[in-house]
Amino acid sequence: MRLSGGRGRRPGRAAWVLLLLALPFLRGVGNSFGIPLLQARPEPGRAYFEATGQYLDGEFLNYWQAHGGLPVFGYPLTPAFRENGYLVQYLERSRFELHPENAGSPYEVLLGQLGKEWLKSEGIIIPKPDTGPAANGEVLFPETGYKVGGAFLAYWQANGGLAQFGYPLSPQMQKAGGNSGLVVQYFERARFEYHPENAGSEYQVLLTLLGVERASKLDPLLRAPWTENAPGAHLRLDRHYTQVATLDPVVVLSDVSGEIRVLGGDNRVYATYPIMAGTPVTLTTAGMWGEQSIVLLVNGSPVDALWGAYKVTAPEWGVHSGDATWDDLYSKVDGFLKQDQVDYLAPDNVTPVHGYRSPDNIAIWLRDYVYQSKGFKYFEPDMTSTLDYFRSTQRTDGSLDDYLYHTGATLVYTDQIEVEADREYLFVEGVWTVWEATGNDAWLWANVGTMERALSSLWDDPRRWSPEYGLIKRAFTIDTWDFEQGSTEKDVRRNIDDKTEWSIMHGDNTGAYHAALTLAAIERYLGRVGVATSWEERAAALREKLNKLAWNGNFYTHQVHLTPVAPTGVDESQQLSLSNAYALNRGTLSHEQAVALLNTYQARMVQNQGSIFAEWYSIDAPFKYGFSTPGEYVNGGIMPLVGGELARGAFDNGFESYGVDILRRYYAMIERDGGSYLWYHTDGRPGISSDATLSTDGWGSSEMLSAMTEGLAGVIDSGKLYQNVNLSPRWAATDRAEVGVALQYPASGAYVAYLVAFNPDNSISLKWGGRYTQAVHLHLLLPSGFTPQQVKANDTQVAFSVSTVQGSNYLDAILGAAGQLVVR
């Protein structure tokens, strides 16, 4: 009887967990400790092991019986399932692999290289081989350079040798990470342990339970005990599926009622469906692409499975609508960012730093990098090295450096600019984005102290905090930029001294507010509720005082001066500066304030029509005195980074058509110019500051991409890895009848995808799914005049409501990990 990838049945007992504690000592049908073993129950061609609730059958059972059985391999811990293209089964000390390319030969069943995999995963440092000749009783293996001798060699030779254990990968050595003095030796497929307390017995050499270690990392469903003697042939597909695309349907049937769980190509459960006997269930394929499997459970226990039932292809990342504005923007920004990448060494000339340079010079600025991460999180696998570097620059007062760059092979420049007050709160935002994309909790923990000290410095440092107003202050600069009033090309004022002119700039405070709430969310996730509450209280006080001081009814006043300033040649009370656009997305504004601000930007677009090509002002009106040339750079230049934040805020506040218009204008502009620039002259000419200026501005283009992915496409990760998604498709604001969206974090492989269609029969359909997605909070923009009467998800009615945002109607519902929705 040969194993197949078709189906398997496995039973179980919960008591096997207790028995595992004794398993390193168990050999044969009994042992010197008097512990009786639970034997496999014989069936024709298969055996059931009550100790673990699993079966062995076919070629795996034959191999187990012929090569040492229980003493060598231990009990089976999982069913036989598909992994990396092969049928595999985990046992306590081994992983069996079926290789059909070796059918009929002694190598049809091979043992997985668990020893090699364990060394790699644990990062164990192995001593180099001893180059001396082998002593008496030792054997040198030139393939790896290591020797085996004594009791280990005797065990290796007596229990299968090379075929069973592979070559040695280490010398005999003390067990890493322990003080027990246990001597071990690593082989490709095993780790030998020498137990002197058992000297002279057959138990003096034991095998580490590497199968147990590896199996413990598998999805719990693969380790669940199966019901013995369950009825056969429960689960089947309606037809033969070979290759299916992500979000394609697959129909499953069962002869008994229960629950089916779908495993992705990484053998992780990504969706669960109820199933009734004889009633077809349509699955929406998602999860990790590759060979996927389906397991049937009855009363919580697995009774049948289709292993490797079909192969799912990876999504095509981006937006697919048939309109180049949306479909090409994703790839164009990807292209810009690829040209912005730089690789430096930290000042130690050893530590690599991979990052994204500024649009107008070669440095990696912390500010630019964090803003660009809104775009490169969709394309970049290395998300951590730049923030790791800036974390290493933290000073005793909690502040961080601004930038890192090289001018030659070894010269490194890194420093901070005192007039700025944003890098500390931006570091918090950057850490959140990295954690969101990587899901790395250990890395998050490593940054908690740095974030707390950095953000606290804005409240504690007298150069940053105004006790009179309870707000963050800075020198009189243009918004968040890095030079003070009175600067010239020959004398750029960037340090704080007795001539500093102090102001309160709203952008520092909206940014700190957002960072404080972000840090509070992180602290709650890590279980530090009291610390989280204190940051929430700080944030609330900051918001209240900022809105009282700086909100003028339509927007935030650019700078509230704390010390007198020289004439600027402009009515500062009417200046609209760039951080107003950021305020739309930082949470300090009520909906009513956001509406007033968006109306202000639109009014200025009309007011300045003919003299300015876009309302994405760095500041309007520009300063006539005290700063750079009016209408250029940050003193009145036009910035896509402002347009991206405007569009993002427009989508959230019921101005969907305005958001669509901004994105269309930006796409037309980059098509016209063949690139994207940090700033533009008021007539639309690109702003080129120096020879270092790139036509691939990663800052502004990332903001625009974010406006499309999180605003128009409406995919917002509310935590990490798209586990919980706020999904707000707003395609009803466009002319597209059907749109597909697939967004991935390459740093972790997490993704989410959906396909929405506005159908001729006046219904709306939605398919969705992801790799790690657990729940979706749907907030779907409805077409004008559409009133939903019924909502079904996976053929089951779900509760829904309709909310209104500034005249736009949205359907709200809570959905599961994957499925199909129909709105009528």
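Right, let's walk through the structure included here.

What counts as what
Residues numbered from 1 in each chain as written. Predicted model: local features only at pLDDT ≥ 70, side-chain atom pairs only at ≥ 80, totals over all residues. Heavy atoms only, no water. Helix = DSSP H or I, 4+ residues; strand = E, 2+ residues; numbered from the N terminus. Buried < 20%, exposed > 50% of the residue type's maximum accessible area, 1.4 Å probe, protein only. Contact = heavy atoms within 4.5 Å. Areas by Shrake-Rupley, 256 points an atom, 1.4 Å probe, with all protein chains shown as cover. Lys, Arg positive; Asp, Glu negative; His and termini not counted. Charge placed at Lys NZ, Arg CZ, Asp CG, Glu CD. Polar contact = N/O pair within 3.5 Å; in protein donor to acceptor, adjacent residues only side chain to side chain. Pairing = 2+ DSSP bridges. Axes fitted to C-alpha atoms, helices over the stretch in contact; angles between N-to-C directions. Expected span 1.5 Å × (residues − 1). Arc of directions from axis to C-beta. Core = buried A, V, L, I, M, F, W, Y, C linked by side-chain atoms within 4.5 Å.

The next thing to look at is the overall build of the chain. In terms of helices and strands, the chain carries 20 helices and 45 strands. In terms of overall dimensions, the chain has a C-alpha envelope of 95 × 70 × 50 Å along the principal axes. Burial analysis of the chain (824 residues in total) assigns 57% to the buried set. In the chain, the proportion of contacts linking residues at least 24 apart, taken out of those at least 6 apart, comes to 63%. A total of about 31900 Å² of accessible surface is found on the chain, and carbon and sulfur atoms cover 52% of it. Side chains of the chain give 65 positive and 92 negative charges; the mean places of these two sets differ by 4 Å.

We now examine the side chain of Thr500. Tracing the backbone through its elements, the reader meets Thr500 in the loop between strand E30 (474-475) and strand E31 (502-505). Of the polar contacts made by the side chain of Thr500, one reaches the backbone nitrogen of Asp497; its length is 2.9 Å. Setting aside chain neighbours within four positions, we find Thr500 in contact with Ala475, Glu484, Arg493, Asn495 and Thr563.

Right, let's get into the sheet that holds strand E11 (residues 183-187). Here we have four strands laid out as an open sheet, ordered E10-E11-E12-E13, and antiparallel in their pairing. Each edge of the sheet is formed by a strand with only one pairing partner; in this case those strands are strand E10 (173-174) and strand E13 (205-207). For E10 and E11, the ladder comprises two bridges, and the chain directions are antiparallel. In the sheet register, Met173 faces E11, and the bridge partner there is Val184. Of the strands in this sheet, E11 and strand E12 (190-194) are in contact with helix H4 (residues 114-122), which crosses E11 at around 110°. Against the sheet, helix H5 (residues 150-158) contacts E11, E12 and E13, and its axis sits at roughly 135° relative to E12.

Turning to helix H19 (residues 656-673), a few remarks are in order. Across its 18 residues, H19 extends 26 Å between first and last C-alpha, which sits within 8% of the 26 Å expected from 1.5 Å per residue. Of the residues making up H19, those classed as buried are Glu656, Tyr658, Gly659, Val660, Ile662, Leu663, Tyr666, Tyr667, Met669 and Ile670. Tucked inside the fold, the buried residues of H19 contact helix H9 (324-340), helix H17 (591-607), helix H18 (640-652), helix H20 (698-712), strand E40 (775-781) and strand E44 (808-815). Following H19 by one or two positions, Gly674 has its phi on the positive side, about 70°.

This brings us to H5. Every buried residue of H5 is accounted for by Phe152, Leu153, Tyr155 and Trp156. One face of H5 carries all of its buried residues, which in axial projection span an arc of 165°. Along H5, the residues that are exposed and aim more than 90 degrees away from the buried face are Gly150, Gln157 and Ala158. One or two residues past the end of H5 sits Gly160, with phi positive at roughly 115°.

Once that is clear, we can look at the nonpolar core. One finds Leu455, Trp616, Leu646, Trp731 and Tyr754 to be the most contacted residues of the largest nonpolar core, which totals 150 residues. The greatest single-element share of this core, amounting to nine residues, is contributed by helix H12 (residues 423-438). If near-sequence neighbours (up to four positions away) are discounted, Trp731 is found in contact with Val319, Trp326, Leu712, Ala713, Arg736, Val739, Val741, Tyr754, Val756 and Phe758. One finds Leu247, Val251, Tyr273 and Tyr310 within the second-largest nonpolar core, a separate group that totals 28 residues.

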